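Architecture and fold: a report
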Amino acid sequence: MEIKKLPSLPDLEAVVRSAASLMVTDHFEVTQKGGYSNIVTSSDMAVQDYLCKELSRILPGSGFFCEEKDLKCPSEYTWIIDPIDGTANYSRGIVHCAICVALAHAGAIQMGVVYLPWSNEMFSATKGGGSFCNGQPIHVSRRIFADGILCTALPIYHKEYAGVCAEIIYQAFMRCNDIRRFGACAPELCYVAMGRCDMYFEYMLSPWDYAAASLILEEAGGCIVGRDGQPVSLDQPSGVVAANNKENLNQLLDIVRESVSRQKGKE
């Protein structure tokens, strides 16, 4: 089916905000997807099903790449969805969790929304149109690396990389101001986009974790690449290195590369 007209950013925001009503509840079930570290709630499933239905309505003929149900049916225009980024936080009543929706076309994100229901923060961006939080323009900070706060995490799904990640975190901590671990990628990247934090690193993530937030960060003046310094993948897992400016990004990339090299030398 030929796509004739893309939805507006307010259209997308309205769908995501409506989906959040299925997330803001005390009544949900938790099941494991192979262990304690990888869980899914009934809210994840309800939000994803609702989003697929409503996004198909506002953009007929579009495809989907979603976290739950291993849903991958790409099209010329593909929605990349994480129904709840930070499910472990959500299941424990920790507020740092978000609904993430990105629209990809021709290998690039064209539109992205990250919504944190408990803080009522709607982050959004369109390619070339700037970034916003609740309709107000946002921009990255101007802090240098030594004054910067790094958001990061240990690789809960790949604990075999815990050693090298710990080395990266240690080396970065010794050179920056401080470290934060909120437990959800998209909110953390949005915090960098609005200047609350300044850098971000995680060893391995899936596209639905960062797709929407990557556009929000870039449109706010920030930078995001894979662990190898190349653009992050939109269809395969990728390491993520991000910062408020290229100088800080390059310094963080150097730390990552040096730490990986040292770790390999110990093997």
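Before reading further, recall that the structure is shown in the block above.
Cut-offs applied
- Residues numbered from 1 in each chain as written.
- Predicted model: local features only at pLDDT ≥ 70, side-chain atom pairs only at ≥ 80, totals over all residues.
- Heavy atoms only, no water.
- Pairing = 2+ DSSP bridges.
- Helix = DSSP H or I, 4+ residues; strand = E, 2+ residues; numbered from the N terminus.
- Contact = heavy atoms within 4.5 Å.
- Axes fitted to C-alpha atoms, helices over the stretch in contact; angles between N-to-C directions.

Quick look at the sheet that holds strand β7 (residues 108–116) now. The strand order across the open sheet built from 8 strands is β4-β3-β5-β6-β7-β8-β9-β10, with neighbouring strands paired in mixed fashion. Of all strands in the sheet, those with a lone pairing partner are β4 (72–73) and β10 (136–137), marking the two edges. Bridge analysis of strand β3 (residues 63–66) against β4 gives 2 bridges, and the strand direction is antiparallel. Across the sheet, Phe64 pairs through a bridge with Cys73, a residue of β4. In this fold helix α1 (residues 9–20) packs onto β5 (77–85), β6 (98–105), β7 and β8 (121–126), with an angle of close to 40° to the strand it touches most, β7. This element, helix α6 (residues 207–219), spans β3, β5, β6, β7, β8 and β9 (131–133) of the sheet and lies at about 100° to β7.

Here we come to the sheet that holds strand β14 (residues 223–225). Taken together, 5 strands build an open sheet; the order of strands is β12-β11-β13-β15-β14 and the sheet is mixed. Strands at the two margins of the open sheet, each flanked by one partner only, are β12 (178–180) and β14. In this sheet, neighbouring strand axes are inclined to one another by 15° on average, regardless of whether the strands run parallel or antiparallel. Bridge analysis of β14 against strand β15 (residues 238–243) gives 3 bridges, and the strand direction is antiparallel.

Glancing now at the environment of Met194. Along the chain, Met194 falls in the loop between α5 (185–193) and β13 (199–205). Here the alpha-carbon distance between Met194 and Phe123, two residues 71 residues apart in the chain, equals 9.4 Å. Apart from the residues within four sequence positions on either side, Met194 is in contact with Phe123, Ile138 and His139.

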